[in-house]
Amino acid sequence: ILLFMVPIDSNDIVHDYQVLLAELEKYNPELLTKDKILAITKCDLVDEELRKMIEKDIKKKLKAFDNAPLLFISAATQSGIDKLKDAIVKGIDKKS
């Protein structure tokens, strides 16, 4: 399972994610067949209303090319960390 982390204060989260995918493809295209998780970090920097707007926008844009689970996390507040750990374990268990 591959974990991609992009900060919520990025100018274009989806573009940054696409750049990471392109770099991975250059390095080893086979890795793109692995399950992925996209974690949006630093979520403590925005309020819940803005986070929901950002989530809606990301999901709309990702729908066209990727089905990676989207999680919002904050190391500072620990928000979403348990969901992220659960998603990672679930992904690992699925492959076992």
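Residues numbered from 1 in each chain as written. Predicted model: local features only at pLDDT ≥ 70, side-chain atom pairs only at ≥ 80, totals over all residues. Heavy atoms only, no water.

A few words now on the pattern of salt bridges. Inspection of the entire model under this criterion finds six salt bridges. As a salt-bridge pair, lysine 59 and glutamate 55 come within 3.1 Å of each other at their nearest N and O atoms. Of this pair, lysine 59 and glutamate 55 both sit in helix H2 (residues 48–62), four residues apart, which is roughly one turn of the helix. For lysine 59, a relative accessible area of 45% gives the class partly exposed. Overall, the relative accessible area of 17% leaves glutamate 55 in the buried class. Here lysine 85 and aspartate 82 are joined by a salt bridge, their closest N and O atoms 3.6 Å apart. Linking lysine 85 with aspartate 82, this pair stays in helix H3 (residues 81–95), spanning three residues, or about one helical turn. Taking relative accessible area as the criterion, aspartate 82 reaches 52% and is therefore assigned exposed. A single salt-bridge network, built from bridges that share partners, covers Glu48, Arg51, Glu55 and Lys59. (Salt bridge = Lys/Arg side-chain N within 4 Å of Asp/Glu carboxyl O. Helix = DSSP H or I, 4+ residues; strand = E, 2+ residues; numbered from the N terminus. Buried < 20%, exposed > 50% of the residue type's maximum accessible area, 1.4 Å probe, protein only.)

Let us now look at the packing of aromatic side chains. If you walk through the whole model with that rule in mind, you get one aromatic pair. Centroid distance phenylalanine 4 to tyrosine 17: 5.3 Å. Interplanar angle 80°. Geometry classified as edge-to-face. Remark: tyrosine 17 occurs in helix H1 (residues 13–27) and phenylalanine 4 occurs in strand S1 (residues 2–7); sequence separation between them is 13 residues. Accessibility classification places phenylalanine 4 together with tyrosine 17 in one group, the buried group. Above the face of the phenylalanine 72 ring, arginine 51 is positioned so that its terminal group lies 4.8 Å from the ring centre. (Phe/Tyr/Trp six-rings, centres within 6.5 Å; stacked < 30°, edge-to-face > 60°. Lys NZ or Arg CZ within 6 Å of the ring centre and 35° of its normal.)

So, to be careful, I would describe these as geometric facts and stop short of saying anything about function.
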